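A look at the structure
Chain by chain, the residues:
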Amino acid sequence: MSEADSPAPPHFRDLLRAQRVWDTELPSFDPASAPSAPVPLFHAWFAEVVAAGQPEPHAMSLATADAEGLPDVRTLLLHEADERGFHFATHATSAKGHQLAARPHAALGFYWPAQGRQVRIRGPVVRCTPAESHADLHARSTGALAAALTGSQSEVVGSAAELHLAADAAWDRARAEPDTEAPTWTRYVVEPAEVEFFQGDARRRHIRLRYRRPAGGSWTRELLWP
């Protein structure tokens, strides 16, 4: 048996089983009081988890599919949630950029343990205009611009030293030229066709409220078994 095939050490299993979920008082959620569309509820839940002290509540999982149709997922930041949908940005030349160009659909996932809440979103993805993408990048921090100017995202880098040199140069450029272009930086919008709000319950009576909207249609709401 290879090292990769060996079972997990007992201390890992003990550590894993010792973890507790939602070791705090969770809020109630009455789905009958939910608005007719999902974005206003997302705004309300986001404000509530910020008030509850949830670290990095704007961090989300983005799932795409590669050329073979296999799933791929990573964590990045939400840039906006409005009537158009849920916005994020990346390089069009990155792995996720190539995947979205070939298969312009995605799923998003938010997990907010401070209140035992999740939000899941699925739908087609559209690219914003170059002007919107430029404005998106330059509305953010110097560090965000430096990161966008560092190397070729998702490509192989030769060493950590090469990465550090490129990052230092990118920081210098971002400070000296704060309006410089990052030509491949692209803002995307997930146009939601389905949004699910999950409210955890200590007795496992979880509330799952799903919004669904056919193309060109109106939102419908339905409860799901947990």
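Data block above holds the structure.
Source: prediction; values computed, not measured. (Residues numbered from 1 in each chain as written. Predicted model: local features only at pLDDT ≥ 70, side-chain atom pairs only at ≥ 80, totals over all residues. Heavy atoms only, no water.)

Quick word on the overall build of the protein chain
Scanning the protein chain from terminus to terminus reveals 6 helices and 10 strands. Expressed along its principal axes, the backbone C-alpha trace of the protein chain runs to roughly 55 × 55 × 40 Å. Every one of the 226 residues in the protein chain was classed for burial, and the buried ones make up 36%. Considering only contacts within the protein chain whose residues lie at least 6 apart along the sequence, 64% involve residues at least 24 apart. Carbon and sulfur atoms provide 55% of the accessible area of the protein chain, an area that totals close to 13,500 Å². (Helix = DSSP H or I, 4+ residues; strand = E, 2+ residues; numbered from the N terminus. Buried < 20%, exposed > 50% of the residue type's maximum accessible area, 1.4 Å probe, protein only. Contact = heavy atoms within 4.5 Å. Areas by Shrake-Rupley, 256 points an atom, 1.4 Å probe, with all protein chains shown as cover.)

Section: the packing of aromatic side chains
One pass over the structure, following the stated rule, counts 12 aromatic pairs. Ring centres of Phe 42 and Phe 86 lie 5.1 Å apart, and the angle between their planes is 85°; on these two criteria the pair is classed as edge-to-face. Residue Phe 42 is found in helix 2 (residues 38-51), and its partner Phe 86 is found in strand 4 (residues 86-91); the two are separated by 44 residues along the sequence. Neither Phe 42 nor Phe 86 differs from the other in exposure class; each is buried. (Phe/Tyr/Trp six-rings, centres within 6.5 Å; stacked < 30°, edge-to-face > 60°.)

Examining the environment of Arg 103
Residue placement: Arg 103 occurs in the loop between helix 3 (95-102) and strand 5 (105-112). In sequence terms Arg 103 and Pro 124 are 21 residues apart; their C-alpha atoms lie 8.9 Å from each other.

Details of the pattern of salt bridges
This model, assessed by the stated rule, comprises 12 salt bridges. Salt-bridge contacts for Arg 187 lead to Asp 136; the nearest nitrogen and oxygen are separated by 2.7 Å. With Arg 187 in strand 7 (residues 185-190) and Asp 136 in helix 4 (residues 130-138), this pair connects stretches of sequence that are 51 residues apart. Here Arg 187 matches Asp 136 in class, with each residue buried. (Salt bridge = Lys/Arg side-chain N within 4 Å of Asp/Glu carboxyl O.)

Points about the side chain of Thr 150
One can find Thr 150 in the loop between helix 5 (142-148) and helix 6 (160-176). A distance of 2.7 Å separates a polar side-chain atom of Thr 150 from the backbone oxygen of Ala 146. (Polar contact = N/O pair within 3.5 Å; in protein donor to acceptor, adjacent residues only side chain to side chain.)

Let's talk about the environment of Ser 159
Note on placement: Ser 159 falls in the loop between helix 5 and helix 6. With a relative accessible area of 35%, Ser 159 lands in the partly exposed category. Put simply, Ser 159 and Tyr 188 are 29 residues apart on the chain and 31 Å apart in space, counted from C-alpha to C-alpha.

Some points on the pairing of strand 4
Here strand 4 lies mainly inside the structure; 6 of its 6 residues are buried. In this structure, strand 3 (residues 80-81) lies alongside strand 4, joined through 2 bridges in antiparallel fashion. Opposite Ala 81, over in strand 4, you have Phe 86 as the bridge partner. Between the antiparallel neighbours strand 3 and strand 4 lie 4 residues, among them Gly 85 with a positive phi of about 145°. (Pairing = 2+ DSSP bridges.)

What to know about the nonpolar core
Counting residues in each nonpolar core, the largest one holds 30 residues, and the members touching the most others are Phe 42 and Val 119. Ranked by residues supplied to this core, first place goes to helix 2 with 5 residues. Counting 10 residues, the second largest nonpolar core, distinct from the first, contains Leu 149, Ala 170, Ala 182 and Trp 185. (Core = buried A, V, L, I, M, F, W, Y, C linked by side-chain atoms within 4.5 Å.)

Digging into unusual backbone geometry
Among all residues except glycine, the phi angle is most often negative; among peptide bonds, the trans geometry is most common. Positioned with a positive phi, Ser 154 is a non-glycine residue whose angle comes to about 80°. You can see Ser 154 is positioned in the loop between helix 5 and helix 6. Although it is not a glycine, Arg 204 sits at a positive phi angle of roughly 65°. Relative to the assigned elements, Arg 204 resides in the loop between strand 8 (194-199) and strand 9 (207-212).

Structural notes on the side chain of Asp 201
Along the polypeptide, Asp 201 turns up in the loop between strand 8 and strand 9. Those residues in contact with Asp 201 that lie beyond four places of it in its chain are Trp 22, Leu 26 and His 206.

Considerations on the pairing of strand 2 (residues 71-77)
With 7 bridges connecting them, strand 1 (residues 59-65) and strand 2 associate as antiparallel partners. For Ala 59, the partnering residue across the bridge sits in strand 2 and is Leu 77.

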